[in-house]
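A structural walkthrough
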Amino acid sequence: MNRLQNELKRIDHRGYPAYKDLKGSYDFVKYTLNIEHVQGDPFASPSSLSVSINGKTAGFPKNYYDEYHRRIALEDFILRRFSMAVSKISFKAKGSGKSGMVSASQPGQEIMERSACHVDENTGEVLFRFVVGFPARGRSIDAGELEKILFRLLPDAVEKSGIFKLFKEQEKSKLREQIELADDQKELRRVIQEKGFTAFIADGSVLPRESGVSQKPMKNAVLFKSPESMQVSFDLPHKGKITGMGIKKGVTLIVGGGYHGKSTLLQTLEKAVYPHIAGDGREYIVTDATGVKLRAEDGRSVADEDISLFIRNLPNGKDTTRFSTLDASGSTSQAANTVEALEAGSRLFLIDEDTSATNFMIRDELMERVISADEEPIVPFIKRVEQLYEQKGVSTILVAGSCGAFFHVADTVIQMDRYIPKEITKAAKQVAAEYPLKMKDDDTKIELDEGRKVRLPKADDRTKIKVMGTDGFLYNKTNVDLRYLEQITDAEQMLAISKALEYLIRKYGGKETMIRTLIDDVEGLIDTKGVSALTSRGSVPNMSKPRRFEIAGCINRFVK
Ligand code: ADP
Ligand code: MG
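Reference entry: report on the structure contained in this document. (Residues numbered from 1 in each chain as written. Chains lettered and ligands numbered in written order. Predicted model: local features only at pLDDT ≥ 70, side-chain atom pairs only at ≥ 80, totals over all residues. Heavy atoms only, no water.)

**With respect to the coordination of the magnesium ion (ligand 2)**
Protein coordination at the magnesium ion (ligand 2): the donors are Ser-263 (OG) and Asp-354 (OD), at 2.1 to 2.4 Å from the metal. Here the residue Ser-263 occupies a position in helix α6 (residues 262–271), and Asp-354 occupies one in the loop between β19 (348–352) and α8 (358–361), the gap between them amounting to 91 residues. (Donors = N, O, S within 2.8 Å, 3.2 Å for Na, K, Ca; no water. Helix = DSSP H or I, 4+ residues; strand = E, 2+ residues; numbered from the N terminus.)

Here you go:
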């Protein structure tokens, strides 16, 4: 502390670059302050700092962090507190440019591993990462203002969020509730899997969101209520008995009139691959964590992929067992998305007709009579959906409000009626029997090219990455468009995906490598060393843990 104070006195009023001398670690008695990267000028990205509090001082109960799911819940809780506390001290110190800005990660509705906070599973040591705009007057150092931040404002924020014994009783019980919720969510995930369900939605859940830009729950929404026939109950360790709608593995069809809540239900399931915080309304909704939303994506590129499961005999004679294009059509893009999800190990497909290519999904009898199946390059998804489950164990949950043909292949049919689901499987099957599906059978065995290889480009000396929210990122000069990977949670996850790509390019660039090897490698790295391991040098930026499916999606759109 004294050393830092002396340094600050020494460099006061000097040119801004002298701030670089502050890089290093300082003992603040209750914690260590690390100045990891210092910005070049007052207008540049703010400086990166971290604080670490040793396990003894932090003092969180050991059973809050010795298991992964609990540790993530603890990290999430204290990070939210820390972030709130530093936002209150932001710009209390003044100056030019970003002077006085203090900011940490601001998690959304999901609870997920984030590089901005880490609790050591063995020692209980707490680490927070954050940024500070080092204050300047014009372009010279204003050390007094930085002293104000580091010595007067920050200690309180750090101690309030990272030292358990300073928590008020009420906060301690909130934390305990968050840990217990994490236990319950983990158990719910385990038990639905065990009982043969692919998703579960608890009665009383709030599905719709406040707006297109806010993931907060809609106020006065119609609460979810399971149809009796699909109602199941489980015993959770803390909450006790929970009741709701269990969606069995297999093929599930969601139908209903326009505006009755079909897409909202599907979007809820897309998001429920991650756990949600208390108060979100989706705390007790879980979807198979390998669930992937599949949609059409006109214009995406595809490199050397076997999409012959769905597309064959193209008029231009292109080989669809090694299909490449820089500008895929609706149907070929959705075929590629499907094959890639299968390849990455998904066990649940989530599809909405609103965002699908009709000719990829279905071809009706009349059309099949006029245009014989031999002339049509597309084997529609409806012919594959049962095979996918029977042969590969991949379930599908499908919204189709306009096409009755899916009644024939569905194991379960749910009708959304004024936001309330009804199970209509029997009735739908009866009516469907009167309209037999005269589709030419196709009994191809589903075979995946398990060893498919891709070639990432050679690594550049320097990589510059610029994230554009959840739309994608610039990788040097290449625009990587990931806006249709709709399950990417936030810009932090996007940054992690771009860093995963950089890591893979450095390791495998220029060599043909199996796509499996790539995703297993980077997933293994994150699982063993944490998401912050995606940065190899320099300070660690804010990242949240990505899934293998979105990493694979990124690679598949990046390789040409
Ligand atoms: P569909 O896909 O059947 O046409 P949507 O899911 O798009 O319908 O829902 C239509 C509208 O109803 C949306 O604006 C959505 O926010 C709203 N909505 C959905 N579910 C509920 C609910 N449970 N309570 C209140 N409003 C809802
Ligand atoms: Mg819809």
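On we go from here.
**A few points about the packing of helix α3 (residues 68–89) against helix α4 (residues 143–162)**
Axis separation between α3 and α4 bottoms out at 8 Å; the angle between their running directions is 160°. Relative to α4, the element α3 is oriented roughly antiparallel. Crossing of α3 against α4: the hand is right-handed. Contacts between α3 and α4 involve Ile-78, Arg-81, Phe-82, Ala-85, Val-86 and Ile-89 from the former and Leu-153, Leu-154, Ala-157, Val-158, Lys-160 and Ser-161 from the latter. Its residues assigned to classes, the contact of α3 with α4 shows nine nonpolar, one polar and two charged. (Axes fitted to C-alpha atoms, helices over the stretch in contact; angles between N-to-C directions. Parallel < 35°, antiparallel > 145°, perpendicular 65-115°, else oblique. Left-handed = near helix turned anticlockwise from the far one by under 90°. Contact = heavy atoms within 4.5 Å. Nonpolar A, V, L, I, M, F, W, Y, C, P; charged D, E, K, R; others polar.)

**A word on the pairing of β19**
Counted residue by residue, β19 has five buried out of five residues, so it is predominantly covered. On β19, burial covers both faces: Leu-348, Leu-350 and Asp-352 on one face and Phe-349 and Ile-351 on the other are all buried. Strand direction decides the pairing type here: strand β16 (residues 291–294) and β19, joined by four bridges, are parallel. When the sheet's bridge partners are listed, Gly-291 is paired in β19 with Leu-348. (Buried < 20%, exposed > 50% of the residue type's maximum accessible area, 1.4 Å probe, protein only. Pairing = 2+ DSSP bridges.)

**Brief notes about the sheet that holds strand β14 (residues 251–255)**
If you walk across this open sheet you meet the six strands as β16-β19-β20-β14-β21-β22, and the pairing is mixed. Each having just a single partner strand, β16 and β22 (420–423) make up the two edges of the open sheet. Each adjacent strand pair in this sheet contributes to an overall mean axis angle of 20°, direction not counted. Relative to β22, strand β21 (residues 412–417) runs antiparallel, the two being bridged by four bridges. When the sheet's bridge partners are listed, Met-416 is paired in β22 with Pro-421. The strands that helix α7 (residues 330–343) touches are β16 and β19; relative to β16, the one it contacts most, it runs at about 170°.

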